[in-house]
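Below are the chains, spelled out letter by letter.
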Amino acid sequence: MDKTKILDKFIQLLSDSEDTLRAAGQAFSLIGPSLNISQIILDLNIPETRQTPTGEVRHLTVYLGEMASDEVTEIVWLEESTRTFENGVITAHVYAPIETNWSSDERQLLQSAVKIFLIHMDRYRLIELVQKSSMTQYLTGLPNSGGFIAFATKKMFAGEIKNYNSYYFNLKGFGLINRRFGSEETDNIIRRYARTLLEFCKEDETIGHLGGDNFVALIRKERTGDFLKLLEKTEVFGIRDGERLPVHISAVAGVYDIDDSLKAPGQIIGRSSIACSVARSLANEPFLFVTKEMSTRVYREKQIEDRFEDGLLNNEFKVYYQPKVDTKTHTLVGAEALSRWLCKGEYVYPAEFVPILEKNSYSIGLDIYVMEDVCKTIRHWIDKGIEPVPVSVNFSRSDLAEEHLADQILEITKKYNVDLKYIQIEVTETATQKEKGLIADFLNKLNGMHIASSIDDFGTGYSSLGILRDLPVSTIKIDKSFIDNDTLTKRDEIVLKNIIQMAKELDIEVITEGVERQDQIEFLQNVGCDLVQGFYYDKPLSLEEFEERLKNKNYVI
């Protein structure tokens with residue numbers, strides 16, 4: 001076979017295979033025996049880069065020929081190198097007996113074959129890297145969530161998964177490191193930390209990097225103490241202004257002791273992340289093991305989150321109306337709209353679902369839904385000849401980041417042609433100065449649109465008296481904690497009387513919520529508050545029940 005045909009066949013064998021390394025042995029067998037080649041060794045020396053964060057050094061035998069005797073001395077007769085796409089070097093070393101004497105054509109043939117092989121090898125490595133990148137985190141080269149789950153799945157199928165603990169850990173104070181060293185050197189610090197974790201790992205264990213400062217791990221149970229000690233404090237280094245400085249990294253971890261309750265690989269990350277979240281909320285807990293109570297709570301939260309959008313689409317949320325009453329005349333003067341969720345035949349109450357929706361910024365969807373339902377209902381009452389009362393609609397503090405919220409509210413009132421005198425927007429008194437700014441902006445917009453507003457839970461948040469001075473509110477709703485004591489004292493009376501007097505002088509209406517007893521009514525009348533809301537007069541009423549109440553607004557006490 002002539003030189004051209006040999007090279008054509010050589011190229012075909014490499015091109016037809018997805019694994020260049022495996023095909024290399026067969027390809028070099030076309031020329032190896034005739035040239036008495038004893039072996040071909042491939043050296044890979046790849047630096048640390050974005051594509052290969054941990055670098056790569058490999059020595060691989062790609063062809064092994066037959067030697068006439070073990071005593072034959074072999075030397076490198078040919079050496080070819082090429083640069084890789086990451087600016088590394090791949091070098092092929094061709095060994096043959098010391099007495100080898102190739103002709104110029106033979107050397108040229110071998111040299112051409114080796115160069116072709118190196119080109120294919122670089123292409124193969126690029127494809128390998130692309131495939132690997134879907135399973136690895138670009139910065140550290142550690143498995144990402146997909147790579148971590150793939151490893152865990154293999155252990156599950158092999159029946160070995162219960163030999164491991166699963167960890168989800170978050171690096172503490174990493175923002176400070178970033179400010180100290182800058183983003184580029186912080187990336188290097190994370191890579192060094194990742195290498196430290198890898199050095200701890202055995203071959204049958206894995207560390208994953210989910211991105212940012214979040215990591216996961218599967219470590220054999222007998223090494224739990226050692227791994228937690230590593231997470232508690234690990235020293236790497238950072239370079240600033242040319243100086244190498246020590247960096248101590250600590251992590252907060254959630255640990256899942258894998259047992260028979262594991263049903264799916266995804267639970268391995270999910271359950272340990274639950275414990276990590278709880279540990280982060282506690283000041284002095286570097287790690288927590290998953291408990292049944294944690295899992296139950298998070299499972300319930302997930303149920304609510306997953307069902308919420310469908311609940312809105314299927315009108316599972318029902319609006320109830322709690323009357324507001326003038327205690328002097330015992331007359332209905334207003335109402336607060338409250339949502340109830342009838343989910344698959346079971347009521348879910350606001351105390352359970354509202355905090356979950358607020359935490360995930362879903363509450364705005366529900367609040368707009370209630371606003372629209374209320375306006376539609378008021379329009380319905382007017383068309384039936386029933387005189388409505390003003391209805392207050394709650395909007396969560398988490399909604400206020402929506403820049404156009406006030407505009408949406410106004411548009412809904414216009415859509416149903418509802419007079420603004422029948423609508424009041426209620427927000428809860430804020431607990432922080434930052435949120436106070438959001439509330440101020442929102443209430444100023446409402447005020448400019450001539451939409452009444454109310455502050456709920458007045459007296460529980462940040463600088464309550466400042467609200468009277470700074471915010472353009474129409475109404476304040478005194479929190480029930482002011483009247484909850486079994487015996488209401490002179491001190492209670494003085495505090496409330498002065499708040500109510502200041503509000504009235506500022507032309508702000510005052511109502512008290514949570515009123516359940518006759519002595520509370522009398523107490524509130526003495527301090528100047530005649531408007532109340534609570535079970536003393538009525539529980540929250542369904543639409544049908546409240547409509548009947550509208551037809552007869554007087555209470556018989």
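Since this is a predicted model, take the numbers as computed values, not measurements. (Residues numbered from 1 in each chain as written. Predicted model: local features only at pLDDT ≥ 70, side-chain atom pairs only at ≥ 80, totals over all residues. Heavy atoms only, no water.)

On to the overall build of the chain. Within the chain one finds 17 helices and 20 strands. In summary, the chain has a C-alpha radius of gyration of 36 Å against a globular reference of 24 Å for 557 residues, an excess of more than 25%. Taken over the C-alpha atoms alone, the chain extends approximately 120 × 50 × 50 Å along its principal axes. Within the chain, buried positions represent 49% of all 557 residues. For the chain, restricting intrachain contacts to residue pairs at least 6 apart in sequence, the fraction spanning at least 24 positions comes to 67%. (Helix = DSSP H or I, 4+ residues; strand = E, 2+ residues; numbered from the N terminus. Rg over C-alpha atoms; globule rule 2.2 N^0.38 Å. Buried < 20%, exposed > 50% of the residue type's maximum accessible area, 1.4 Å probe, protein only. Contact = heavy atoms within 4.5 Å.)

Taken together, the side chains of Glu402, Glu403, Asp407 and Glu411 define an acidic patch exposed on the protein surface. Note that aspartate 407 resides in helix α12 (residues 405–415). (Patch = residues over 30% accessible without salt bridge, like charges linked within 9 Å, V, L, I, M, F, W, Y side chains within 5 Å. Areas by Shrake-Rupley, 256 points an atom, 1.4 Å probe, with all protein chains shown as cover. Salt bridge = Lys/Arg side-chain N within 4 Å of Asp/Glu carboxyl O. Lys, Arg positive; Asp, Glu negative; His and termini not counted. Charge placed at Lys NZ, Arg CZ, Asp CG, Glu CD.)

Mapped onto the fold, threonine 329 is located in the loop between β12 (317–326) and β13 (331–343). Sequence spacing of threonine 329 and aspartate 530 is 201 residues, and the spatial spacing of their C-alpha atoms is 9.2 Å. Engagement of the side chain of threonine 329 in a polar contact is seen with the side chain of threonine 331, the distance being 2.9 Å. (Polar contact = N/O pair within 3.5 Å; in protein donor to acceptor, adjacent residues only side chain to side chain.)

Another point: the side chain of arginine 379. Relative to the elements of secondary structure, arginine 379 occurs in helix α11 (residues 363–384). Overall, the relative accessible area of 19% leaves arginine 379 in the buried class. What arginine 379 contacts, discounting residues up to four positions off in sequence, is Tyr416, Asn417 and Val418.

For the rest of this paragraph, the subject is helix α16 (residues 518–527). Among all positions in α16, only Gln520, Ile521, Phe523, Leu524 and Val527 are buried. Mapping the buried residues of α16 onto a view down its axis gives an arc of 165°, with all of them on the same face. Buried residues belonging to α16 abut α15 (490–505), β19 (509–513) and β20 (531–533). (Arc of directions from axis to C-beta.)

In summary, soluble globular proteins display a tendency toward joint burial of nonpolar side chains. Counting 78 residues, the largest nonpolar core has Val374, Phe442, Ile455 and Ile476 as the members making the most contacts within it. In terms of residue count, α11 provides more of this core than any other element does, nine residues in total. Contact partners of isoleucine 476, with chain neighbours within four places excluded, come to Ile455, Phe458, Leu468, Ile499, Ala503, Ile508, Glu509, Val510 and Ile511. Within the second largest apolar cluster, 32 residues are counted, among which are Leu7, Phe28, Leu44 and Met121. (Core = buried A, V, L, I, M, F, W, Y, C linked by side-chain atoms within 4.5 Å.)

The next thing to look at is the packing of aromatic side chains. In the structure shown here, the tally under the stated rule is 21 aromatic pairs. Here phenylalanine 200 and phenylalanine 227 contribute two aromatic rings whose centre-to-centre distance is 5.4 Å and whose plane-to-plane angle is 40°, an arrangement assigned as tilted. Here phenylalanine 200 is found in helix α6 (residues 183–200), whereas its partner phenylalanine 227 is found in helix α7 (residues 224–232), with 27 residues between them in sequence. A residue is classified by how much of its surface remains accessible, and phenylalanine 200, at 17% relative accessible area, is buried. When the ring of tryptophan 341 is compared with that of phenylalanine 353, the centres are 5.7 Å apart and the planes differ by 85°; the resulting orientation is edge-to-face. With tryptophan 341 in strand β13 and phenylalanine 353 in helix α10 (residues 350–359), this pair connects stretches of sequence that are 12 residues apart. Accessibility assignment for this pair places tryptophan 341 and phenylalanine 353 in one class, buried. (Phe/Tyr/Trp six-rings, centres within 6.5 Å; stacked < 30°, edge-to-face > 60°.)

At a minimum axis distance of 9 Å, the contact between α11 and α12 shows a crossing angle of 25°. Taken together, the axis directions place α11 and α12 in an arrangement best described as roughly parallel. For the crossing formed where α11 meets α12, the hand is right-handed. Contacts between α11 and α12 involve Ile364, Ile368, Met371, Glu372 and Cys375 from the first element and Leu405, Gln408, Ile409, Ile412, Thr413 and Lys415 from the second. (Axes fitted to C-alpha atoms, helices over the stretch in contact; angles between N-to-C directions. Parallel < 35°, antiparallel > 145°, perpendicular 65-115°, else oblique. Left-handed = near helix turned anticlockwise from the far one by under 90°.)

With that settled, the discussion passes to the sheet that holds strand β11 (residues 287–289). Within a sheet, neighbouring strands are paired by backbone hydrogen bonds and run either parallel or antiparallel to one another. Strands sit in the order β6-β7-β5-β10-β11 across an open sheet of five strands; the sheet is mixed. Of all strands in the sheet, those bounded by a partner on one side alone are β6 (206–211) and β11. For this sheet, the mean angle separating the axes of adjacent strands, direction not counted, is 20°. Here β6 pairs with strand β7 (residues 214–220) via five bridges, running antiparallel. Bridge assignment links isoleucine 207 to a residue of β7, and that residue is alanine 217. (Pairing = 2+ DSSP bridges.)

You will see that lysine 344, though not glycine, has its phi angle at about 55°, which is positive. Checked against the element boundaries, lysine 344 lands in the loop between β13 and β14 (346–348). One non-glycine residue, aspartate 457, lies in positive phi territory at about 55°. Locating aspartate 457 in the fold gives a position in strand β17 (residues 452–458).

So, on to the packing of helix α4 (residues 145–157) against helix α8 (residues 266–281). Across the interface, α4 lies against α8 with an axial gap of 8 Å and an inter-helix angle of 115°. Relative to α8, α4 is oriented roughly perpendicular. Contacts from Ser145, Phe148, Ile149 and Ala152 in α4 reach Gly266, Ile268 and Ile269 in α8. When its residues are assigned to classes, the contact of α4 with α8 shows five nonpolar, two polar and no charged. (Nonpolar A, V, L, I, M, F, W, Y, C, P; charged D, E, K, R; others polar.)

Inspection of every chain in the model, using the stated rule, returns 22 salt bridges. Among the ionic pairs, glutamate 336 bridges to lysine 477, the shortest N-O distance being 2.9 Å. Taken together, the residues glutamate 336 in strand β13 and lysine 477 in strand β18 (residues 475–478) connect sequence positions 141 residues apart. The class for lysine 477 is buried, based on a relative accessible area of 0%. Each of Asp204, Arg220 and Glu222 takes part in salt bridges that share partners, so that together they form one network.

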